[in-house]
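The chain contents come next:
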Number of protein chains: 4
Amino acid sequence: MIYMASSANSSRGIAAIVGVGPKLGRSIARKFAHHGYTVAILARDLERLWRVAEEIAREEKAQVFAIRMDCSDSKSVREAFEGVHSVGFVEVLVYNAYQPQCWKRTCFQDVGIDSFHKSLAVSSIGAFHCAQHVLTGMMERGRGTILFTGCFASLHGIAGFSDLCCGKFALRALSQCLAREFQPQGVHVVHVIIDGLVGPPTRRGESMEEEEGKNEIVGGEGSMSMDPDAVAQTYWHLHIQHRTAWTHEIDLRSSTSSFF
Amino acid sequence: MIYMASSANSSRGIAAIVGVGPKLGRSIARKFAHHGYTVAILARDLERLWRVAEEIAREEKAQVFAIRMDCSDSKSVREAFEGVHSVGFVEVLVYNAYQPQCWKRTCFQDVGIDSFHKSLAVSSIGAFHCAQHVLTGMMERGRGTILFTGCFASLHGIAGFSDLCCGKFALRALSQCLAREFQPQGVHVVHVIIDGLVGPPTRRGESMEEEEGKNEIVGGEGSMSMDPDAVAQTYWHLHIQHRTAWTHEIDLRSSTSSFF
Amino acid sequence: MIYMASSANSSRGIAAIVGVGPKLGRSIARKFAHHGYTVAILARDLERLWRVAEEIAREEKAQVFAIRMDCSDSKSVREAFEGVHSVGFVEVLVYNAYQPQCWKRTCFQDVGIDSFHKSLAVSSIGAFHCAQHVLTGMMERGRGTILFTGCFASLHGIAGFSDLCCGKFALRALSQCLAREFQPQGVHVVHVIIDGLVGPPTRRGESMEEEEGKNEIVGGEGSMSMDPDAVAQTYWHLHIQHRTAWTHEIDLRSSTSSFF
Amino acid sequence: MIYMASSANSSRGIAAIVGVGPKLGRSIARKFAHHGYTVAILARDLERLWRVAEEIAREEKAQVFAIRMDCSDSKSVREAFEGVHSVGFVEVLVYNAYQPQCWKRTCFQDVGIDSFHKSLAVSSIGAFHCAQHVLTGMMERGRGTILFTGCFASLHGIAGFSDLCCGKFALRALSQCLAREFQPQGVHVVHVIIDGLVGPPTRRGESMEEEEGKNEIVGGEGSMSMDPDAVAQTYWHLHIQHRTAWTHEIDLRSSTSSFF
């Protein structure tokens, strides 16, 4: 089911953002819309998607499609991308889906096989499907960007989080395999490790302009949570990197966080 | 279905070896049998299992059970471990299963979802099940060893091997999670990275005695493939490490291999 | 010895670029000058420095200081930073020095102790000194950015390059230590892994504007070497990251390179 | 200056242990002596060395040489190895030196350049020298083992420990470079990461026999510190690995430690 939130004509490709809640996914979608992309946002909760789509379409005067998709269901993924492709060519895929239930500590003996399956399905099998759906078009045009969202659990096993860690390790593996196979053909594949909690935006959009120095931006900062607009800024930078200087892996965290 | 290959009485726990073909699994099973363990060997090909069980029982005068198990099928895993537990307590689990189809290069666009699922099922979901089946008993006794077999693809994404790499990265995650959760409770969890091809044994058992110096052992060596008995020697060493000096991760490769 | 190449007044801090040759250092210096920073460029070859300073001052209408410095000599480093501090506060330090002799394969038995010492001196001891000279000021103001340039040899030992690898591993260690100690105090520390050869710029400056999409930028690209202006673009992005979303480590390589 | 603690004739090569205090170095030296090696122990404190040499010679009925050496002084290293080579061929080098002052947290701004230099000198330049002194002989014979001792700081930068981390990262680099260059020529190079404090031995030697199961060994264990005899057991195992199954990197820690 596709809901189009605006109809300005676009000469650019589509940025498909998978996993859009009120924080990071929304900020990334808005960032690409701001730079002229037609945006498709995909997630399970269509009502929330619709609100986000409408807001971005209005504020950025952009074309935004909201498409219901369950990452853990291959049929749902296929149908959703049929919808996306009926609109245009996917130039950017951001895979940002996650399984909320994984984010709480569970004794290993109490992890149900369904939860384990579901985590792998959302973190890695969903990413596998989405990548297959967009890569053919990207290779035909010799360009495209795929951004996978990882976290601390992508790099380190954590007691009580085996379902999360297995899924996130697998996603990182997928990202490395695709980078090595497709970068020579012009598709940029990036694994972004977000090491911390993303909170609500802390600033007005205008202070994010890249030409501003860091000084102005940081004033009054105190909290630990990561600003989703700031994270989205780096996603955008990764997308526009010149092809002789592509990043494959990058970490992001708050200045105040301790890290390993 | 359980086939018992010998019936000498044993006062030791059981070493359960999952994934036993003619090379590494067989050598590991034999090593533990040699040191007095009752051994359960589990794999899909019962006929081959049976031959291995018989050979080990005869040569090591040990009790060996051959149990058919499909790692990718949770029901099969549950039934197999019911069989193992009817014999005794699993003190050692070696998870050595792999999916032969993953070991050839396939363009990402040609990887079927079934193959991807199967690889995750064998590499990580099977390991998840087996670990759940043995950990309760290990924690009750405050001791046990779990050895997971990884490979180069556990550490590095490889173009054309996304199914293998995703499964193996996930297995490494599982291994780290379990080590952090269960080592303080006395269960030693190890991830062994076998970086190369394991071939047929190149030496007679007697030259493997640990009290012998390296000089004698290496004489006349030239080939690239790894000796399964030599690899099994290190699995055994890891099992007998003192609990103030436990290894979590170790790599193994031939002296002649180049490595990254 | 300080040579000032221009005297436009500046209200911004200083960007000190250590290790400036005709490629990456020059592009980074120019990038920061373009965004309004007073720039100090430091290296051993004063004549070349002077040409670079003059060119940047003229083209970017910026204040550029050229200061002779030998990274491997602590007295030279101290005097050079006295010169820099006489001009203003160092807000940005880019440590980009390298030891050209390290970049050729040498049998380990033929590596002289002088070469080994020199590599450690340039890669890590020089970085240690420069960081000590700028951190006091950064902490007083609660802000600053330190960017260290690493390479493939920062992550992997390479046969025949022990001097290079030891120095680069140590530099990475320094970078991690400083990030953990100083980021909570407002100093952003980044380790940039440049995995490939940086060549001469391949494009005109105007096509680097960040608001341009990737499509336009990549047209006609074919070569393997990395564009120094493109790399500098990412250094700049790292500097302006919002402090709730700081990167500590990032890699950069050409789309056509194979990588590990 | 060489002190020989015993004069039983030996047909084996020499095991040279660099960095021998009352804990790990002593246990490793004793282990190799126990297996018939002539042992040379090298450190700064000759009086302590002499006591250790005498004890090992007496208890293991082995030939033990105590040689004064300052790892941070290349002339001292050269003279010490001239002494070692006058006795025989070095078949095993264990590099276990460390700089005690590095093991306390120091604000980066307070780390003196002398302390930083000294740490690099002990951790990596000393290792460089020792490796050069033994590799020629090892290559002539096509065999040898070099074991480098690392720690948590070999893998992770730590706030307040820049001198320790830089030295230990560099040592790990050296280890990887040497493994890649010399393993195909028969020299086994291993980096052992000891992630925790090594305490006094907690057990009697007899319970360490490798044929004993884990059960007996672990009885009554409660403390966190690592047993040096248990660690030495793994050093010995690494030395006797078959050359088709060599380890390059291994970690060791107490079961009760939390780890990253």
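Residues numbered from 1 in each chain as written. Chains lettered and ligands numbered in written order. Predicted model: local features only at pLDDT ≥ 70, side-chain atom pairs only at ≥ 80, totals over all residues. Heavy atoms only, no water.

- Chain A is annotated in an unreviewed UniProt entry as 3-ketodihydrosphingosine reductase of Senna tora.

Side note on the packing of helix α4 (residues 113–141) of chain B against helix α5 (residues 162–182) of chain B
Residues and elements named next belong to chain B.
Right, on to step 1. Where α4 meets α5, the axes come as close as 7 Å, and the angle between the chain directions of the two elements is 15°. Considered as vectors, α4 and α5 are oriented roughly parallel to each other. Crossing angle aside, the handedness with which α4 passes α5 is right-handed. Note on element contacts: α5 touches α4 through Ser162, Asp163, Leu164, Cys166, Gly167, Lys168, Ala170, Leu171, Leu174, Leu178 and Phe182, opposite Ser115, Phe116, Ser119, Leu120, Ser123, Ser124, Ala127, Phe128, Ala131, Leu135 and Met139.
Right, on to step 2. The class makeup of the residues in the contact of α4 with α5 is 14 nonpolar, 6 polar and 2 charged. (Axes fitted to C-alpha atoms, helices over the stretch in contact; angles between N-to-C directions. Helix = DSSP H or I, 4+ residues; strand = E, 2+ residues; numbered from the N terminus. Parallel < 35°, antiparallel > 145°, perpendicular 65-115°, else oblique. Left-handed = near helix turned anticlockwise from the far one by under 90°. Contact = heavy atoms within 4.5 Å. Nonpolar A, V, L, I, M, F, W, Y, C, P; charged D, E, K, R; others polar.)

Comments concerning the pairing of strand β8 (residues 249–252) of chain A
All names here are of chain A.
Right, on to step 1. Where burial is concerned, the two faces of β8 agree: the one with Glu249 and Asp251 and the one with Ile250 and Leu252 are both buried.
Right, on to step 2. With 4 bridges joining them, strand β7 (residues 187–194) and β8 adopt parallel strand pairing. Bridge pairing in β8 links isoleucine 193 to aspartate 251. (Buried < 20%, exposed > 50% of the residue type's maximum accessible area, 1.4 Å probe, protein only. Pairing = 2+ DSSP bridges.)

Regarding the pattern of salt bridges
Right, on to step 1. All told, the structure shown has 43 salt bridges over all chains when counted by the stated rule.
Right, on to step 2. Of the charged contacts in the structure, one is a salt bridge between aspartate 251 of chain C and arginine 253 of chain C, with a shortest N-O distance of 3.4 Å. Summarising the burial analysis for this pair, aspartate 251 of chain C and arginine 253 of chain C share the class buried.
Right, on to step 3. One continuous salt-bridge network, built from bridges that share partners, spans Arg26, Arg30, Glu55, Arg58 and Glu59 of chain A. (Salt bridge = Lys/Arg side-chain N within 4 Å of Asp/Glu carboxyl O.)

Let's talk about the state of the cysteines
Right, on to step 1. Tallied over the entire structure, the rule returns 0 disulfides over all chains.
Right, on to step 2. The thiol sulfur of cysteine 165 of chain A is not disulfide-bonded, and the nearest other cysteine sulfur, from cysteine 177 of chain B, lies at 3.7 Å.
Right, on to step 3. Here cysteine 165 of chain A falls in the buried class, since its relative accessible area comes to 0%.
Right, on to step 4. Free of any disulfide, cysteine 151 of chain C has its nearest neighbouring cysteine sulfur in cysteine 165 of chain C, separated by 7.5 Å. (Disulfide = S-S within 2.5 Å.)

Observations regarding helix α2 (residues 46–60) of chain C
Residue and element names in this part refer to chain C.
Right, on to step 1. Its 15 residues give α2 an end-to-end C-alpha distance of 20 Å, which sits within 8% of 21 Å, the value for a rise of 1.5 Å per residue.
Right, on to step 2. The set of residues buried in α2 consists of Leu46, Leu49, Val52, Ala53, Glu55, Ile56, Ala57 and Glu60.
Right, on to step 3. Of the residues trailing α2, lysine 61 is marked for its positive phi of about 50°. (Expected span 1.5 Å × (residues − 1).)

Overview of the pairing of strand β7 (residues 187–194) of chain C
Regular strands place their side chains on alternate faces of the sheet.
Residue and element names in this part refer to chain C.
Right, on to step 1. Of all 8 residues in β7, 8 are buried, a share of seventy percent or more.
Right, on to step 2. Residues Val187, Val189, His191 and Ile193 line one face of β7 and the alternating positions His188, Val190, Val192 and Ile194 line the opposite face, and both faces are buried.
Right, on to step 3. Alignment of strand β6 (residues 144–151) against β7, held across 8 bridges, turns out to be parallel. Its bridge partner being in β7, cysteine 151 is matched across the sheet by isoleucine 194.
Right, on to step 4. Handedness of the β-α-β unit built from β6, helix α5 (residues 162–182) and β7 comes out right-handed. (Right-handed = clockwise from strand over helix to strand, strands pointing away.)

Concerning the packing of helix α3 (residues 74–87) of chain B against α4 of chain B
Residue and element names in this part refer to chain B.
Right, on to step 1. It is the contact of α3 with α4, at a shortest axis distance of 10 Å, that shows an interaxial angle of 30°. In this view, α3 runs roughly parallel relative to α4, as classed from their interaxial angle. In the packing of α3 onto α4, the handedness of the crossing is right-handed. Counted together, Ser74, Val77, Arg78, Phe81 and His85 of α3 and His129, Cys130, His133 and Val134 of α4 form the full contact between these two elements.
Right, on to step 2. Its residues assigned to classes, the contact of α3 with α4 comprises 4 nonpolar, 4 polar and 1 charged.

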